[in-house]
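Geometric and topological summary
One letter stands for each residue in the lines below.
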Amino acid sequence: MKKQTVLITGANKGIGLETARQLATAGYHIYLGARDEERGSKAVAELHAEGLTDVEFIQLEVTSEESAQTAYSELAGRIDHLDVLINNAGIPGSFPQPALNTPDQIFRDVFEVNVIGVARMVRIFVPLMQNAPNPRIVNVTSDLGSLTLHSDPTWRHYEVKTAAYGPSKSALNNYTVALAHELKNKFKVNAVNPGYTKTDFNGNQGYKSVEDGAAPIVKFAMIDKDGPTGGYFSDYGVTPW
């Protein structure tokens with residue numbers, strides 16, 4: 001049986017790399033997207049050294065239309081369809097992010113990657129997914145995008161308010177709902193929250209391992225035709241909007 005194909009953005013380290021590792025271990029063929037060729041190639045070599053040889057590097061900068069289009073052309077030249085797109089690339093922006101004084105440029109930078117970059121990837125790569133028997137899109141989000149949790153004083157991260165990062169993930173969640181509705185006849189599209197995972201993204205302060213953080217992303221990348229769509233999930237189930 002031909003292996004299912006997965007493209008993961010921002011996959012040269014952290015949760016993205018671990019997601020690639022777990023899916024490759026499960027028998028998927030991975031296209032590891034990264035903007036830096038040296039770091040991306042090093043990540044692929046690391047997985048190959050572990051015996052996970054069904055991993056290839058794709059140079060990809062999600063904020064660049066030209067880069068995304070070039071990656072699409074390259075991938076379309078290798079495969080007749082893509083089964084799974086995992087939009088993992090994201091940035092936190094500089095901290096702190098007070099609501100009154102966060103500079104305009106931080107908003108622009110964060111939304112360019114976390115929202116517009118995802119929409120760009122979807123727009124460009126969905127045509128390559130149309131022939132997949134069970135196409136899935138996973139948008140990697142955060143519980144900091146949950147308005148319900150942010151309004152709950154008992155939530156463990158209640159005091160963590162960010163003017164740009166959290167709202168970018170709220171916007172990504174809303175985009176996921178709209179996308180799932182538009183593609184509802186065939187695609188499975190979900191927002192998945194890995195939780196506070198120990199990576200460079202947060203200065204390695206998270207309380208979850210990358211293995212645990214990647215697990216829910218892998219789960220929803222592997223759902224079948226009866227799986228959910230248009231949802232907001234984590235490893236503890238449904239995350240409230």
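Residues numbered from 1 in each chain as written. Predicted model: local features only at pLDDT ≥ 70, side-chain atom pairs only at ≥ 80, totals over all residues. Heavy atoms only, no water.

Just so we agree on the cut-off: UniProt positions are given in the numbering used here, feature names are shortened, and annotations may be inferred rather than shown by experiment.
Naming follows an unreviewed UniProt entry, where the protein chain appears as SDR family oxidoreductase of Mucilaginibacter pankratovii. Listed under Sequence similarities (unreviewed entry) in UniProt, the entry text for the protein chain is "Belongs to the short-chain dehydrogenases/reductases (SDR) family."

**Examining the side chain of Thr176**
What counts, and what does not: Comment: elements are numbered from the N terminus, with helices defined as DSSP H or I runs of at least four residues and strands as E runs of at least two. For this analysis, residues touch if any pair of their heavy atoms sits within 4.5 Å.
Mapping Thr176 onto the fold places it in helix α6 (residues 165-182). Among residues more than four places away in sequence, those in contact with Thr176 are Asn139, Val189, Asn190 and Ala191.

**A closer look at the nonpolar core**
To be explicit about the condition: The nonpolar core is taken to be a set of buried Ala, Val, Leu, Ile, Met, Phe, Trp, Tyr and Cys residues, with the residues joined through side-chain atoms within 4.5 Å. Residue exposure (1.4 Å probe, protein chains only): buried if accessible area is under 20% of the type maximum, exposed if over 50%, otherwise partly exposed.
Formed by 30 residues in total, the largest nonpolar core has its most connected members in Val6, Ile8, Leu23, Ile30, Leu32 and Ile86. Residue contacts for Leu23: discarding those within four places in its chain leaves Val6, Ile8, Tyr28, Ile30, Ile86, Val218, Ala221 and Met222. Counting 28 residues, the second-largest nonpolar core is a separate cluster that includes Ala68, Leu75, Ile79 and Ala180.

**Describing the environment of Pro103**
Topologically, Pro103 is positioned in the loop between β4 (84-87) and α4 (104-129). Pro103 sits 60 residues away from Ala163 along the chain, and the two C-alpha atoms are 9.8 Å apart.

**As for the sheet that holds strand β6 (residues 188-192)**
Either a parallel or an antiparallel arrangement is found when strands of a sheet pair, and the pairing is made through backbone hydrogen bonds. Applied cut-off: Any two strands with at least two DSSP-identified bridges between them are counted as paired. An axis is simply a line fitted to the C-alpha atoms; with a helix, the fit covers only the stretch in contact. Between two such axes, the angle follows the N-to-C directions and lies from 0 to 180 degrees.
Sheet architecture is open: eight strands sit in the order β3-β2-β1-β4-β5-β6-β7-β8, paired in mixed fashion. Bordering the open sheet on either side are β3 (55-59) and β8 (237-238), each of which pairs with just one other strand. In the sheet, strand β1 (residues 5-8) pairs with β4 via three bridges, with the strands oriented parallel. Across the sheet, Ile8 pairs through a bridge with Ile86, a residue of β4. Lying on the sheet, helix α2 (residues 37-49) is in contact with β2 (29-34) and β3; it crosses β3 at an angle near 175°.

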